[in-house]
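Close look at the chain arrangement
What follows is the residue order along each chain.
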Amino acid sequence: MKCLRDEMEIVNAYELVGSYRGAAVLCGTTAKTVKRVLERRAAGQVGRRPSPPRVRNTAAVVELIRQKVRASDGRISAKRLLATARAAGYTGSTRNFRRAVAEAKANWGKQRRTYRPWVPLPGQYLVIDWAEEAGQNVLCAVLAWSRVRFVRFGADQTRSTTLALLAECFEELGGVPEVVLSDRMGCLKAGVVANVVVPHPEYVAFATRFGFRPDFCEAADPESKGLVENLCGYVQTDLIVPALLEQDGRDLGAANATARAWCAEVNHQVHSEIAAVPAERLLSERDVLRALPAQRPPLRAAEHRKVEKRGSIRFGSARYLVPKTLVGEWVDVSAQEAKVVISYAGAEVIRHDPVGPGEVAFGDLADPDRRPSRGIRPRTAVEVAFIGLGPAAEAFLRSAALAGTLRLEHELAAIVELVAVWSREAVIGALERATRFRRFKASDVRAILEAGPGLPKPARAGQQLVLDLPVVPVRPLSAYALVQEALR
């Protein structure tokens, strides 16, 4: 390629001699080069020809690198990401890939979210959130200015449990903050319209009674409430995990007792962020907290249920039995410490272990002898007379029907006629024997009656027969020896 000075000399030489060959001799080049320079100049192109853009071998995985860097907040390494890029079709060198990752991280650093310190005011914000570890639900709350921590375990994450623990938190703080900030809990929200959270009416009534404003953070944005997120992680590592290592299967009461002791310990230690004791700052913050209402909101500690005619109530898509004397009455049902407690008129009636949806909890009211069966309702005179023979007749009728006996009503009429010839007790005994040996015809019952009481009663196989054998004299084996016989 010729520079601009060389091209200018070629043009001047061509203007002087007027031929490609002569200009080439003067400039020390070839005639073809002179021709190309003059054609580019005639086309309006001065200088070097534009080189085609270079395509990097990392272009196929640039979007993959950008997504991984964004998902990891710029913390992923090129060494970790290289295997994924190889699987996606990258065939270049490791060095080029490291450069592409470094460039993506630099761009992400310019685009990522910028944080600013949050300076809370006294009595303004209370931040709450649910955490779960090893199947245990724990509600965490932080008073933003004084950094007072509140931790309690709950049986579930329902609305009633959340509001009850929130009321207990206000009681422990000794006042109500201006705003309660939480994430978009399904138990506290009724819906979202244009990114605006609509709180549940029960939550609104609760907030109105206590006098605070409910607030919700952005969706899928735990960083907007990092204050309580940090507490949740602290509780999981410092409270729940050590407790699980020390003791298994703790009930809810014992877990909450441990949580109270833990909160008392951490709230009386110097906080690293504010360099002060949270419990001492709470004393001054209470002056700006809103006063607790004189009449607490009526939190429903139990659900109101009416006992059905089957002697059960429905709770959590399952059925729980209550005494039959409460049929038609209204009872209170609550979940307390892994038990379903049913109370009537303020007094506890029965406790059940929780069961799954669609199941039935019998508890102490279970009747092992009770089985579902169709009732026997005689209608004709023959049926009334036959059923009048007692339980043996009912057992005979059910067994005969189960065996598919044909013309059963005529067989029953013939058996009833046998009562006039034989005694009632004899016919009942014959029915019992016929049921045992599955003989369901009237002729079979008549044959049993004609055989009389001397019929054998075979015992079930495997039972030991007890016989009274006569006592006979015995002699030792030596009495049968051949030597002794010879001497005699």
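Here is a short report on the structure shown in this document.

**Structural notes on the packing of helix 15 (residues 424–436) against helix 16 (residues 442–451)**
- Here helix 15 crosses helix 16 at 120°, and the two axes come no closer than 9 Å. For the element pair helix 15 and helix 16, the recorded crossing hand is right-handed. Facing Ala 426, Val 427, Ala 430, Leu 431, Arg 433 and Ala 434 of helix 15, the residues of helix 16 in contact are Val 445, Ile 448 and Leu 449.
- When its residues are assigned to classes, the contact of helix 15 with helix 16 shows 8 nonpolar, no polar and 1 charged.

**Some details on the packing of helix 4 (residues 62–71) against helix 5 (residues 78–87)**
- Between helix 4 and helix 5, the least distance of the axes is 11 Å, while the angle of their chain directions is 140°. Classed by the angle they form, the pair helix 4 and helix 5 counts as oblique. The element helix 4 and its partner helix 5 pack so that their crossing is right-handed. On the side of helix 4, the interface is formed by Leu 64, Ile 65 and Lys 68, while helix 5 contributes Leu 81, Thr 84 and Ala 85.
- Tallied by class, the residues present in the contact of helix 4 with helix 5 amount to 4 nonpolar, 1 polar and 1 charged.

**Thoughts on the sheet that holds strand 13 (residues 347–352)**
- A sheet is described by the order of its strands in space; here 4 strands give the open sequence 8-11-12-13, paired in antiparallel fashion. Unpaired on one side and paired on the other, strand 8 (303–306) and strand 13 mark the two borders of the sheet. Pairwise comparison of adjacent strand axes, ignoring direction, gives a mean angle of 35° for this sheet.

**A closer look at the environment of Val 11**
- Note on placement: Val 11 falls in helix 1 (residues 4–17).
- Under the relative-accessibility criterion, Val 11 is labelled buried at 11%.
- For the pair Val 11 and Glu 409, spaced 398 residues apart in sequence, the C-alpha separation works out to 129 Å.
- Apart from residues no more than four positions distant in its own chain, Val 11 is found in contact with Val 37, Leu 38 and Arg 41.

**Quick word on unusual backbone geometry**
- The backbone of Ala 275 sits at a positive phi, close to 55°, despite the residue not being glycine.
- Within the element layout of this structure, Ala 275 appears in the loop between helix 10 (252–267) and helix 11 (278–285).
- The exposure class of Ala 275 is exposed, given its relative accessible area of 62%.

**Digging into the state of the cysteines**
- As enumerated under the stated definition, the model contains 0 disulfides in all.
- Left unpaired, Cys 169 is separated from the closest cysteine sulfur, that of Cys 263, by 9.3 Å.
- Cysteine Cys 217 is unpaired, with the sulfur of Cys 232 as its nearest cysteine sulfur at 12 Å.
- For Cys 217, a relative accessible area of 7% corresponds to the buried category.

**A word on the packing of aromatic side chains**
- Going through the model one piece at a time under the given rule, you end up with 11 aromatic pairs.
- A centroid spacing of 5.2 Å and a plane angle of 55° characterise the contact between Phe 170 and Phe 210, whose relative ring orientation is tilted. Of the two residues, Phe 170 is situated in helix 7 (residues 159–173) and Phe 210 in helix 8 (residues 201–210); the sequence distance between them amounts to 40 residues.
- Residue Phe 170 is classed as buried on the basis of its relative accessible area of 0%.
- Taken together, a centroid distance of 6.3 Å and an interplanar angle of 75° make the contact between Tyr 203 and Phe 216 edge-to-face. Here Tyr 203, found in helix 8, pairs with Phe 216, found in strand 7 (residues 213–216); they are 13 residues apart in sequence, far enough to count as distant. In this pair, the class of Tyr 203 matches that of Phe 216, namely buried.
- Of the aromatic side chains, those joined through ring pairs into one cluster are Phe 170, Tyr 203, Phe 206, Phe 210, Phe 212 and Phe 216.
- The aromatic ring of Trp 145 is capped on one face by Arg 281, whose charged end is 3.9 Å from the ring centroid.

**Description of the sheet that holds strand 9 (residues 312–315)**
- Ordered by their spatial adjacency, 3 strands build an open sheet running 9-10-14, and the pairing between neighbours is mixed. Two strands in the sheet have a free side with no partner beyond their single neighbour: strand 9 and strand 14 (360–361).
- Pairing geometry for strand 10 (residues 318–321) and strand 14, over 2 bridges, is parallel. Bridging across to strand 14, Tyr 320 finds its partner in Ala 361.

**Describing the environment of Ala 106**
- Examined against the element boundaries, Ala 106 turns out to sit in helix 6 (residues 94–111).
- Take Ala 106: its relative accessible area is 42%, and that puts it in the partly exposed class.
- Taking the C-alpha atoms as reference points, Ala 106 and Gly 233, separated by 127 residues in sequence, lie 30 Å from one another.

**Details of helix 5**
- Every buried residue of helix 5 is listed here: Ala 78, Leu 81, Leu 82 and Ala 85. Around the axis of helix 5, the buried residues are gathered within 120° of arc, so they sit on the same side. Opposite the buried face of helix 5, by more than 90 degrees, sit the exposed residues Lys 79, Arg 80, Ala 83 and Ala 87.
- Looking at the buried residues of helix 5, the elements they touch are helix 4 and helix 6.
- Of the residues trailing helix 5, Gly 89 is marked for its positive phi of about 115°.

**Concerning the nonpolar core**
- Leu 126, Leu 166, Phe 170, Val 180, Tyr 203, Phe 206 and Phe 212 are the most contacted members of the largest nonpolar core, which totals 28 residues.
- Among the secondary structure elements, those contributing two or more residues to this core are strand 1 (125–133), strand 2 (136–143), strand 3 (148–154), helix 7 and helix 8.
- Top element by residues in this core is helix 7. It accounts for 7 residues.
- Formed by 22 residues, the second largest nonpolar core is a distinct cluster that contains Leu 408, Leu 412, Val 427 and Ile 448.

Calculation rules
Residues numbered from 1 in each chain as written. Predicted model: local features only at pLDDT ≥ 70, side-chain atom pairs only at ≥ 80, totals over all residues. Heavy atoms only, no water. Axes fitted to C-alpha atoms, helices over the stretch in contact; angles between N-to-C directions. Helix = DSSP H or I, 4+ residues; strand = E, 2+ residues; numbered from the N terminus. Left-handed = near helix turned anticlockwise from the far one by under 90°. Contact = heavy atoms within 4.5 Å. Nonpolar A, V, L, I, M, F, W, Y, C, P; charged D, E, K, R; others polar. Parallel < 35°, antiparallel > 145°, perpendicular 65-115°, else oblique. Pairing = 2+ DSSP bridges. Buried < 20%, exposed > 50% of the residue type's maximum accessible area, 1.4 Å probe, protein only. Disulfide = S-S within 2.5 Å. Phe/Tyr/Trp six-rings, centres within 6.5 Å; stacked < 30°, edge-to-face > 60°. Lys NZ or Arg CZ within 6 Å of the ring centre and 35° of its normal. Arc of directions from axis to C-beta. Core = buried A, V, L, I, M, F, W, Y, C linked by side-chain atoms within 4.5 Å.

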